[in-house]
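Report on the structure
Each chain is listed here by its residues.
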Amino acid sequence: MSGIFTKSMARNIFYGGTVFFFLLFLALTYDTERELPNRDNRAAITPEVAAGKHIWETRNCLGCHTLLGEGAYFAPELGNVYTRRGGDFIKGWMQAMPTGAPGRRQMPQFNLTDEELDQLVAFLKYTSEINTANWPPNIEG
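Residues numbered from 1 in each chain as written. Predicted model: local features only at pLDDT ≥ 70, side-chain atom pairs only at ≥ 80, totals over all residues. Heavy atoms only, no water.

1. A few points about the layout of surface pockets
So the rule is basically this: Each cavity reported here is a set of points on a 1 Å grid over the protein atoms alone in which a 1.4 Å probe fits but cannot get out, each pocket an open set with protein on both sides within 12 Å along at least five of seven lines, and each lining residue one with an atom within 4 Å of a point. Grid points are joined across faces, edges and corners, and a volume is the space filled by probe spheres set on the points. Each helix corresponds to a stretch of at least 4 residues labelled H or I by DSSP, and each strand to a stretch of at least 2 residues labelled E; elements are numbered beginning at the N terminus. Any residue outside Ala, Val, Leu, Ile, Met, Phe, Trp, Tyr, Cys, Pro, Asp, Glu, Lys and Arg is labelled polar, Gly included; the first ten of those are nonpolar and the last four are charged.
Each pocket or cavity is described by its volume, and for the largest pocket that value is around 750 Å³. Lining the largest pocket are 29 residues, with His-65, Ala-75, Pro-76, Trp-93 and Met-107 positioned closest to its centre. Sorting the residues of the lining of the largest pocket by element identifies α3 (81-85), α4 (87-96) and α5 (114-128) as the ones contributing at least two each. Among the elements that line the lining of the largest pocket, the one with the most residues is α4, at four residues. When its residues are assigned to classes, the lining of the largest pocket shows 19 nonpolar, four polar and six charged.

2. A short note on the packing of aromatic side chains
Note the cut-off: Geometry of aromatic contacts follows a simple scheme: Phe, Tyr and Trp rings, the Trp one being its six-membered ring, pair when their centres are within 6.5 Å, and the pair is stacked under 30 degrees between planes, edge-to-face over 60, tilted otherwise. Three exposure classes are used, based on accessible area relative to the maximum for each residue type with a 1.4 Å probe and protein chains only: buried under 20%, partly exposed in between, and exposed over 50%. We call a charge positioned over a ring when the NZ of a Lys or the CZ of an Arg lies within 6 Å of the ring centre and within 35 degrees of the ring normal.
Scanning all chains against the criterion turns up four aromatic pairs. Consider the rings of Trp-56 and Phe-123, whose centres lie 5.9 Å apart with planes at 45°: the pair is tilted. In this pair, Trp-56 is assigned in helix α2 (residues 47-58) and Phe-123 in helix α5, connecting sequence segments 67 residues apart. Residue classification places Phe-123 among the buried residues on the basis of a relative accessible area of 5%. Cation over ring: Arg-85 sits above Phe-89, and NZ or CZ is 5.7 Å from the ring centre. Above the ring of Phe-74, the side-chain terminus of Arg-105 is found at 4.8 Å from the ring centroid.

Interpretation note: all reported values are geometric properties and have no functional meaning in isolation.
Have a look at this one:
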């Protein structure tokens with residue numbers, strides 16, 4: 001068997017496979033770059049949305065929640081929370097934490113101002129408008 005499969009054949013298979021998969025990588029990268037402007041909602045990024053993202057990051061919300069499938073799984077997915085509950089509910093929920101309900105996981109009180117709450121809601125509204133190809137599949141996150 002070793003006489004049929006030579007080193008030069010193995011080298012050709014290696015180089016051919018390398019070229020094929022490199023070209024496939026380039027094609028998929030091009031397709032992604034072409035498709036992203038239609039799906040990522042970048043036109044809706046405002047200074048308020050950017051400030052809300054800053055609040056999201058500095059309060060380590062991803063340490064408990066997921067956002068579009070990324071993050072921890074301790075607390076609910078928030079990629080579609082604006083669609084599910086609306087801005088007033090989100091602000092009220094944040095202000096009411098922790099509820100002190102026995103046996104329930106509790107969210108800390110971040111003591112956000114009304115302006116910061118509006119910015120966080122703007123960020124969550126922005127994320128809910130990203131075309132995620134119906135992710136998460138469960139509307140309740």
